[in-house]
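So you can see what is in the structure, the chains are spelled out below.
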Amino acid sequence: MTGRSGYPLRQVLPAEVLVGGNAVWSRYRQYPVFSARWLGGRSLLFCSVIALVTVFTGGGVGLAVQDGVVALKVGLSQFAAFSLMAMLGPALATIVRHRRWTESRERKAVVLAVLVGIVLSYAIDKMASAYVMSLVQPQLEILGMAPSKAPEVGPVLKAIGLALNIAALILIYGLFGGGLALRAYFSERRRWEAHRHALELGEMSGRAHEADLRLGVLQAQVEPHFLFNTLASVRALVRQDPAQAETTLDALVAFLRATIPKLRDDRGLHSTLGQQLDICASYLALMQVRMGGRLSYAVTADEAQRALSFPPSLLITLVENAIKHGIEPRPGPGRIEVSVVREGERLRIRVVDDGAGLQPGIGGGMGLANVREQLVQRFGAQASFRLHPGETGGVVAEIEIPCTVATELQA
């Protein structure tokens with residue numbers, strides 16, 4: 001049976017929740033408080049102790065009244081009364097807990113069950129005490145040992161005596177009749193809540209770590225893709241124009257020196273929009289040299305936008321895609337513009353080229369696939385990516401994310 005709080009009542013408590021229970025006489029505490037196995041173990045322990053106590057008290061009464069039958073009756077009645085006093089409240093609370101009520105209702109009902117058990121225990125104790133006196137009093141009178149009438153006391157002493165009796169009743173019935181068990185019940189619930197919270201944090205941390213690993217794999221795919229394509233272009237240029245190839249290689253070395261620390265910073269999983277725009281600008285400067293000056297470009301964003309956190313490798317992939325599929329296939333001058341615009345609570349980043357335009361197969365490569373997957377991994381449905389024709393030709397690649405998300409990532 002499993003309680004509404006989510007853990008089974010018949011199984012041993014996990015180590016993070018368990019307190020004590022190593023000794024033979026306290027192994028019942030390995031089970032949830034007010035579970036059937038907990039009640040059975042506690043009852044066995046308490047009844048064993050009560051049995052030893054009543055053997056001595058019954059034996060003492062037998063010696064005093066010199067009657068074995070009376071001693072036996074006194075011992076049995078005391079054993080029954082003390083056992084009920086110790087078990088009644090916890091037994092009622094155990095019944096309540098196995099009703100599988102909601103946590104709030106269960107807590108209230110458990111407290112009420114223990115209080116009812118304490119009240120009933122008091123009534124049972126009074127009845128047992130009266131029964132014992134009815135057995136012992138005649139025997140004491142026969143032996144001439146009847147207690148004399150108690151002397152009258154003043155109101156102050158009566159008040160003090162009443163207060164002491166009430167305190168003793170609360171201590172005896174409250175603790176012995178289920179008060180300590182009730183305290184253990186609420187303590188166990190607090191430990192369960194802490195344990196459950198720790199598990200949830202661990203799961204969240206595990207999911208975040210898994211997502212970071214996945215993003216790292218995606219970026220590891222993007223970076224070689226960009227670098228290999230750039231080196232292949234330089235290799236082709238070596239055959240056509242060695243002087244221009246040397247100039248391009250110098251620009252490439254300068255580009256790599258400037259951008260690799262940013263690509264690898266903080267394991268490459270976190271960066272600012274400004275860093276990514278600088279990488280794009282360095283790459284476009286390199287391509288401008290490599291393409292003999294026929295490429296022009298512009299990268300625009302204000303300082304507030306540049307300070308926002310932004311995933312690495314996304315923009316450079318879009319810029320590289322614009323060069324490869326837009327500017328390079330078409331002869332003559334070409335232009336690429338990278339812009340950042342805030343519209344309300346949305347941040348829109350656009351990479352626009354005036355090149356060859358959308359062709360069959362464009363948009364299905366590994367680079368753009370990784371762009372889409374990184375956006376899904378980081379932002380879910382809050383981000384969007386579109387690739388569509390420009391108003392005057394070419395292609396527009398557009399990423400849109402919430403400004404609030406970008407700000408939270410920075411924090």
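Values in this document were obtained by computation on a predicted structure and should not be read as measured data.

Student: Run through the overall build of the protein chain, naming residues and quoting values.
Tutor: Helix and strand counts for the protein chain stand at 10 helices and five strands. Put simply, the protein chain has 411 residues, and 38% of those count as buried. Partitioning the contacts of the protein chain with sequence separation of at least 6, the portion at a separation of at least 24 is 74%. With the model as given, the accessible surface of the protein chain reaches about 22300 Å², and the carbon-plus-sulfur share is 63%.

Student: Describe unusual backbone geometry, and please don't skip the residues or the numbers.
Tutor: Positioned with a positive phi, Phe-34 is a non-glycine residue whose angle comes to about 65 degrees. When you line up the elements, Phe-34 lands in the segment before helix H1 (36–65). Accessibility expressed as a relative area gives 0% for Phe-34, which makes it buried. One non-glycine residue, Arg-100, adopts positive backbone phi at about 60 degrees. Mapped onto the secondary structure, Arg-100 falls in the loop between helix H2 (68–97) and helix H3 (103–142). The exposure class assigned to Arg-100 is partly exposed, which follows from its relative accessible area of 45%.

Student: Lay out helix H6 (residues 273–290) in plain terms, naming residues and giving numbers.
Tutor: With 18 residues, H6 should reach 26 Å at 1.5 Å per residue; the first-to-last C-alpha distance of 26 Å fits that figure. All of the buried residues along H6 are Leu-273, Gly-274, Gln-276, Leu-277, Ile-279, Cys-280, Tyr-283, Leu-284, Leu-286, Met-287 and Arg-290.

Student: Quick rundown of the pairing of strand S5 (residues 395–402)? Include the residues and the values.
Tutor: Across the eight residues that make up S5, a large majority, eight, are buried. Side chains Val-395, Ala-397, Ile-399 and Ile-401 project from S5 onto one buried face, and the interleaved Val-396, Glu-398, Glu-400 and Pro-402 project onto a second face that is buried too. In this sheet, S5 lies alongside strand S3 (residues 346–353) in antiparallel orientation, the contact comprising eight bridges. What sits directly across from Val-352, in S5, is Val-396. Counting the residues that bridge the hairpin from strand S4 (residues 384–389) to S5 gives five residues, and of these Gly-393 lies at a positive phi of roughly 110 degrees.

Student: Can you tell me about a nonpolar patch on the surface, naming the residues and giving the values?
Tutor: A surface patch of nonpolar side chains, amounting to about 250 Å² of accessible area, comprises Leu-112, Val-116 and Leu-120. Within the secondary structure, Val-116 is located in helix H3.

Student: Describe the nonpolar core, listing the residues and the values that go with them.
Tutor: Soluble globular proteins tend to pack their nonpolar side chains together in the buried interior. Of all hydrophobic cores here, the largest spans 39 residues; its most connected members are Leu-315, Leu-318, Ile-336, Val-351, Leu-375 and Ile-399. Of all the secondary-structure elements, those providing two or more residues to this core are helix H5 (242–264), H6, helix H8 (314–327), strand S2 (334–343), S3, helix H9 (366–379) and S5. Ignoring any residue separated from it by four or fewer positions in sequence, one finds Leu-375 in contact with Leu-314, Gly-380, Ala-383, Ser-384, Phe-385, Ile-399 and Ile-401. Ranked by size, the runner-up nonpolar core spans 19 residues in total, among them Phe-34, Leu-39, Ala-86 and Met-87.

Student: Could you give an account of the sheet that holds S3, naming the residues involved and the relevant values?
Tutor: An order of S1-S2-S3-S5-S4 is seen for the five strands of this open sheet, with the pairing classed as mixed. Two strands close off the open sheet at either side, each with one partner strand: strand S1 (295–300) and S4. This sheet shows a mean twist of 15 degrees between the axes of neighbouring strands, independent of strand direction. The sheet contacts of H6 involve S1, S2 and S3, and relative to S1 the element is tilted by about 170 degrees. Taken strand by strand, H8 contacts S1, S2, S3, S4 and S5, and its axis lies near 25 degrees from that of S3.

Student: Can you break down the environment of Gly-274 residue by residue, with the values?
Tutor: With respect to the helices, strands and loops of the structure, Gly-274 is situated in helix H6. Residues Gly-274 and Leu-308, spaced 34 residues apart in sequence, show a C-alpha to C-alpha distance of 7.6 Å.

Student: A description of the side chain of Asp-353 should follow, citing residues and the corresponding values.
Tutor: Secondary-structure assignment places Asp-353 in strand S3. In terms of polar contacts, Asp-353 uses its side chain to reach the backbone amide nitrogen of Gly-355, at 2.9 Å.

Student: Could you give an account of the packing of aromatic side chains, with specific residues and numbers?
Tutor: Summed over the entire model, instances satisfying the criterion amount to four aromatic pairs. On the basis of an interplanar angle of 45 degrees and a centroid distance of 5.6 Å, the ring pair of Phe-34 and Tyr-185 is categorised as tilted. A residue pair is termed long-range when its members are at least 10 positions apart, and Phe-34 in the segment before H1 and Tyr-185 in helix H4 (residues 155–240) qualify at 151 residues. Their ring planes at 75 degrees and their centres at 5.0 Å tell us that Tyr-185 and Phe-186 sit as a pair that is edge-to-face. Of the residues examined, Phe-186 reaches a relative accessible area of 26% and is grouped as partly exposed. Taken together, the ring pairs connect Tyr-28, Phe-34, Trp-38, Tyr-185 and Phe-186 into an aromatic cluster. Over the ring of Phe-46 we find Arg-42, and its NZ or CZ is 4.1 Å from the ring centre.

Student: So what's going on with the packing of H6 against H8? Residues and values would help.
Tutor: It is at 9 Å that the axes of H6 and H8 come closest, and there the two elements cross at 25 degrees. Considered as vectors, H6 and H8 are oriented roughly parallel to each other. Of the two elements, H6 crosses H8, and the hand of that crossing is right-handed. Residue-level contacts link Leu-273, Gln-276, Leu-277, Ile-279, Cys-280, Tyr-283, Leu-284 and Met-287 of H6 to Leu-315, Ile-316, Val-319, Glu-320 and Ile-323 of H8.

Student: Describe the confidence of the model for the protein chain, listing the residues and the values that go with them.
Tutor: This prediction gives the protein chain a mean pLDDT of 76; 73% of its residues lie at or above 70. Looking over the protein chain, one finds the lowest element-wise mean pLDDT in helix H10 (residues 403–410), namely 54, and the highest in S1, namely 94.

Student: Now, about the pattern of salt bridges: what can you tell me, with residues and values included?
Tutor: If you walk through the whole model with that rule in mind, you get 14 salt bridges. Between Arg-97 and Glu-106 there is a salt bridge whose closest N-O contact spans 3.5 Å. For the residue pair Arg-97 and Glu-106, the accessibility class agrees, reading buried in each case. Between Arg-348 and Glu-398 there is a salt bridge, with the nearest N and O atoms lying 3.8 Å from each other. One end of the pair, Arg-348, is in strand S3; the other, Glu-398, is in strand S5, with 50 residues separating them in the sequence. We classify Glu-398 as buried; its relative accessible area is 5%. A single salt-bridge network, built from bridges that share partners, covers Glu-343, Arg-346, Arg-348, Arg-350, Arg-386, Glu-398 and Glu-400.

What counts and what doesn't
Residues numbered from 1 in each chain as written. Predicted model: local features only at pLDDT ≥ 70, side-chain atom pairs only at ≥ 80, totals over all residues. Heavy atoms only, no water. Helix = DSSP H or I, 4+ residues; strand = E, 2+ residues; numbered from the N terminus. Buried < 20%, exposed > 50% of the residue type's maximum accessible area, 1.4 Å probe, protein only. Contact = heavy atoms within 4.5 Å. Areas by Shrake-Rupley, 256 points an atom, 1.4 Å probe, with all protein chains shown as cover. Expected span 1.5 Å × (residues − 1). Pairing = 2+ DSSP bridges. Patch = residues over 30% accessible without salt bridge, like charges linked within 9 Å, V, L, I, M, F, W, Y side chains within 5 Å. Salt bridge = Lys/Arg side-chain N within 4 Å of Asp/Glu carboxyl O. Core = buried A, V, L, I, M, F, W, Y, C linked by side-chain atoms within 4.5 Å. Axes fitted to C-alpha atoms, helices over the stretch in contact; angles between N-to-C directions. Polar contact = N/O pair within 3.5 Å; in protein donor to acceptor, adjacent residues only side chain to side chain. Phe/Tyr/Trp six-rings, centres within 6.5 Å; stacked < 30°, edge-to-face > 60°. Lys NZ or Arg CZ within 6 Å of the ring centre and 35° of its normal. Parallel < 35°, antiparallel > 145°, perpendicular 65-115°, else oblique. Left-handed = near helix turned anticlockwise from the far one by under 90°. pLDDT = per-residue confidence, 0-100.

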